[in-house]
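Structural characterization, general
Letter by letter, the chains look like this.
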Amino acid sequence: VLLAGDDTLARKRGLKICGVGMRHAPRLSTRKPAVMNWGHSWVVLAVIVRFPFRPDFCYALPVLFRMYRSKQTTEREGGTHFTKPQLMVQMLHVLCNHRKNRRFHLVADSAYGGKSVLCQLPVNCDLTSRLHLDARLHAPVERSTNGKPKGGRPRKRGVRLPTPRQMLEGRGRRVTMNLYGRRDRSRLAECVAHHYHTPGRLLKVVAVEPLTGGRTIQAFYSTCQDATAEQVLTWYAMRWSIEVMNHDAKGPLGFEEPQGWSRHAAGRTAPTAMLLYSLIVLWFATDGHQTCRPVHRPWYLGKRHPSFADMLTELRCRGVQEVVLTSTQGHAFLQKPAEILLHILKSAA
């Protein structure tokens, strides 16, 4: 089961809303200046799935949520402060312990790829994330024939290996892959090594130098040491589906609009919107896609697949259609006005 983990900001107004604070705004920030906004910060764990009506696209269906609260707020209320990676680990243990016979695989960005998550993973969960270009890598510890380390104090780490940046200075192999909806050429260098902070776990390390697209060199790792470099890059590219989910939940569903003041209201409205997103996508995958006909727009001729806005429009029109057609049943002269009304509603939505 492939999982995606990330945090998102729900911007709010007002000083009396429970749990608000100055949080990092990733959409407005760049690599140099960091922009802060007033609101809630939610840590989300989603399941990545593919559906037959669009097999080339991944959907992230959120299932678990935790609101991040600052250390000052939790100490003032007498609670225990948890960082965002710690909240992610809590949700992973809840999900993985609920299905111990399943194998899970979390894909997350560098904020959740550090030792605070890597060292606390459940037994039945793997992790794929980004790696610093100057990360310290070590080979496995060499042992003697009797299974004991060679002479002296037992070593925790083996021989020092080149960093991901140094790996790209040597020879690499060139590949062409379809990632993020485009076809890119890259140069790869890969190895299996131990990270300095996790000497007991082997990692598959992949360093990438994009040859097209104007992007900088990057490095990734996965706890699946037997995976190929192409698989690691494909897994990490699927993480983008949770960014699309955050965008759609804040837009058509109004994830940021409720202004509940109390603790219960603030803790329930946002997860409800996220769960509604999952339910709408599941409904469309099972039933809605069979009758969905997107409205013709002459200025958007390149659109081939339904967006989440189209899914929500189809669901709303299906509900209105049941009410209107039921009320006009038996009145033939009302059938045509009812169809025109449904067409107008679909165009307006």
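So, a few notes on the structure that sits alongside this text.

Remarks on the overall build of the protein chain
Scanning the protein chain from N- to C-terminus turns up nine helices and 12 strands. The buried share of the protein chain, taken over its 349 residues, is 44%. Sequence-distant contacts, at least 24 apart, represent 60% of the contacts inside the protein chain between residues at least 6 apart.

Quick notes on the pairing of strand S4 (residues 54-68)
As paired strands, strand S3 (residues 36-51) and S4 are joined by 10 bridges and run antiparallel to one another. Bridge assignment links valine 49 to a residue of S4, and that residue is tyrosine 59. Joining the antiparallel neighbours S3 and S4 is a turn of two residues.

Some details on the environment of alanine 46
Checked against the element boundaries, alanine 46 lands in strand S3. What alanine 46 contacts, discounting residues up to four positions off in sequence, is Leu2, Leu3, Ala4, Ala60, Leu61, Pro62, Val63 and Ile242.

Some points on the environment of valine 47
Position of valine 47 relative to the elements: it lies in strand S3. Valine 47 sits 12 residues away from tyrosine 59 along the chain, and the two C-alpha atoms are 8.0 Å apart. Not counting residues within four places of it along the chain, the set of residues in contact with valine 47 comprises Val1, Leu2, Leu3, Tyr59, Ala60, Leu61 and Val63.

Some points on the packing of aromatic side chains
For the structure on display, the rule yields eight aromatic pairs. With centroids separated by 5.3 Å and ring planes inclined at 75°, the aromatic side chains of phenylalanine 53 and phenylalanine 284 adopt a geometry described as edge-to-face. Remark: phenylalanine 284 occurs in helix H7 (residues 263-286) and phenylalanine 53 occurs in the loop between S3 and S4; sequence separation between them is 231 residues. By relative accessible area, which is 1% here, phenylalanine 284 ends up buried. Members of the aromatic cluster, connected to one another through ring pairs, are Phe51, Phe53, Phe57, Tyr59, Trp283 and Phe284. Sitting above the plane of the phenylalanine 57 ring, arginine 54 keeps its charged end 4.1 Å from the centroid. Taking NZ or CZ as reference, lysine 84 lies 5.4 Å from the ring centre of tyrosine 68, over its face.

As for H7
Its 24 residues give H7 an end-to-end C-alpha distance of 36 Å, which sits within 8% of 34 Å, the value for a rise of 1.5 Å per residue. Within H7, the full set of buried residues consists of Ala266, Ala270, Pro271, Ala273, Met274, Tyr277, Ser278, Ile280, Val281, Trp283, Phe284 and Ala285.

Structural notes on the environment of leucine 106
Relative to the helices and strands, leucine 106 is located in strand S5 (residues 104-108). When the C-alpha atoms of leucine 106 and serine 129 are compared, they prove to be 8.4 Å apart, with 23 residues separating the residues in sequence. Leaving out residues up to four positions away in the same chain, leucine 106 has contacts with Leu3, Ala4, Gly5, Leu45, Met88, Leu92, Cys125, Asp126, Leu127 and Thr128.

Describing the pattern of salt bridges
Scanning the model with the defined rule gives 15 salt bridges in all. Of the charged contacts, one joins aspartate 6 and arginine 239 as a salt bridge, the two residues approaching to 3.8 Å between their closest N and O atoms. Taken together, the residues span a long stretch of sequence, with aspartate 6 in strand S1 (residues 2-11) and arginine 239 in the loop between helix H5 (229-237) and helix H6 (240-250) at a distance of 233 residues. The two residues aspartate 6 and arginine 239 agree in class, both being buried. Ionic pairing is found between arginine 173 and glutamate 190, a salt bridge with its closest N-O pair at 2.9 Å. With arginine 173 in strand S9 (residues 173-179) and glutamate 190 in strand S10 (residues 182-195), this residue pair connects regions lying 17 residues apart in the sequence. Three or more residues joined by partner-sharing salt bridges are found here, namely Arg173, Glu190, Lys204 and Glu230.

Thresholds applied
- Residues numbered from 1 in each chain as written.
- Predicted model: local features only at pLDDT ≥ 70, side-chain atom pairs only at ≥ 80, totals over all residues.
- Heavy atoms only, no water.
- Helix = DSSP H or I, 4+ residues; strand = E, 2+ residues; numbered from the N terminus.
- Buried < 20%, exposed > 50% of the residue type's maximum accessible area, 1.4 Å probe, protein only.
- Contact = heavy atoms within 4.5 Å.
- Pairing = 2+ DSSP bridges.
- Phe/Tyr/Trp six-rings, centres within 6.5 Å; stacked < 30°, edge-to-face > 60°.
- Lys NZ or Arg CZ within 6 Å of the ring centre and 35° of its normal.
- Expected span 1.5 Å × (residues − 1).
- Salt bridge = Lys/Arg side-chain N within 4 Å of Asp/Glu carboxyl O.

By themselves, these observations are geometric and do not establish any function.
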